[in-house]
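Here is what each chain is made of, one letter per residue.
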Amino acid sequence: KQLCPAQRLEDMVVSALFHDIGKCRVPDEILKKKEALTGPEYEQMKMHTVFGAELLTKYYPEGVTGLVLRHHERLDGSGYPFHLSGDEIPFGARILAVADSFDAMTTDRGYNKPMDALQAAQELAGEADKYDRRVTEKLLEMVRSGELKLEGK
C-alpha cells in the first residue's frame, strides 16, 4: 500500500538529504562548540532551518523547502522556527524530526555520549508529546527487528 504519492516521496528524499544545509551559514565556532551553546548562539543555530529553505528555494519546490524549514517543529509547539503544533506540522516534517533526532542521539557530536539504537528509539517513542507516535513506533519496530542497525555497532 502506497502511503505517499510519488512527488511527496521524492520531496521527502530531497528534504532528508538537504535538511541541514542551512548550517553552512552558521559560524563554525557555534557548529563545532563542544560545550553547551549560549542563548544567542542557540538562536543563531536555530536559524539553520530558515537558511536551508532560503538556499533551496531557487532549486526546489515548496514541498522540499517547507519540510527543511519545519524539521525542528514539535507536536507540543516547543520546536522552531514557528512553534507549530499538532496538525500544523506536515507529516514529512514529522518524519524528518524523528530521523534527525535519532541521528543526533546515536552519533558522537562531542557534546553528547551516543546512545545505542534501541535506547534512542525507545526514548523518542516515549516522547509522544513531541514526536509523531506513528513514526516513532515504526522506528522502534525497525530497530527491534534488526531492519535498522547503526553502522559499526
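Bear in mind that the values here come from a model prediction, so they are computed numbers and not experimental data.

(A) Examining the side chain of His72 more closely. By the element assignment, His72 lies in the loop between helix H5 (62-70) and helix H6 (91-106). Look at His72 and you get buried, because its relative accessible area is 12%. Within the structure, His72 has its side chain in polar contact with the side chain of His48 (distance 3.5 Å). Discounting residues that sit within four places of it in the chain, His72 has contacts with His48, Thr49, Gly79, Tyr80 and Asp100.

(B) Main features of unusual backbone geometry. Here Tyr80 and Pro81 are connected by a cis peptide whose omega angle stands at 15°. Note that Pro81 resides in the loop between H5 and H6. In the Ramachandran plot, His83 falls in the positive-phi region, its phi being about 55° despite a non-glycine side chain. Along the polypeptide, His83 turns up in the loop between H5 and H6.

(C) Highlighting the pattern of salt bridges. Inspection of the entire model under this criterion finds 11 salt bridges. Put simply, Lys138 and Glu141 hold a salt bridge, and the shortest N to O gap is 3.1 Å. Of this pair, Lys138 and Glu141 both sit in helix H8 (residues 133-145), separated by 3 residues, roughly a single helical turn. When its relative accessible area of 40% is taken as the criterion, Lys138 is described as partly exposed.

(D) Quick peek at the packing of helix H7 (residues 117-125) against H8. Two numbers describe how H7 lies on H8: the axes approach to 9 Å, and their chain directions differ by 160°. As judged from the angle between their axes, H7 and H8 are roughly antiparallel. Crossing hand, H7 versus H8: left-handed. Within the contact between the two elements, H7 uses Ala117, Leu118, Ala121, Gln122, Leu124 and Ala125 and H8 uses Thr136, Leu139, Leu140, Val143 and Arg144. By residue class, the composition of the contact of H7 with H8 is 8 nonpolar, 2 polar and 1 charged.

(E) Highlighting the packing of H6 against H7. Contact geometry of H6 with H7 gives a least axis separation of 9 Å together with a crossing angle of 135°. The pairing of H6 with H7 is recorded here as oblique in orientation. Crossing hand, H6 versus H7: right-handed. Listed contacts from H7 to Val98, Ser101, Phe102, Met105 and Thr106 of H6 are Ala117, Ala120, Ala121, Glu123 and Leu124. Within the contact of H6 with H7, the residues separate by chemical class into 7 nonpolar, 2 polar and 1 charged.

Conventions used here
- Residues numbered from 1 in each chain as written.
- Predicted model: local features only at pLDDT ≥ 70, side-chain atom pairs only at ≥ 80, totals over all residues.
- Heavy atoms only, no water.
- Helix = DSSP H or I, 4+ residues; strand = E, 2+ residues; numbered from the N terminus.
- Buried < 20%, exposed > 50% of the residue type's maximum accessible area, 1.4 Å probe, protein only.
- Polar contact = N/O pair within 3.5 Å; in protein donor to acceptor, adjacent residues only side chain to side chain.
- Contact = heavy atoms within 4.5 Å.
- Salt bridge = Lys/Arg side-chain N within 4 Å of Asp/Glu carboxyl O.
- Axes fitted to C-alpha atoms, helices over the stretch in contact; angles between N-to-C directions.
- Parallel < 35°, antiparallel > 145°, perpendicular 65-115°, else oblique.
- Left-handed = near helix turned anticlockwise from the far one by under 90°.
- Nonpolar A, V, L, I, M, F, W, Y, C, P; charged D, E, K, R; others polar.

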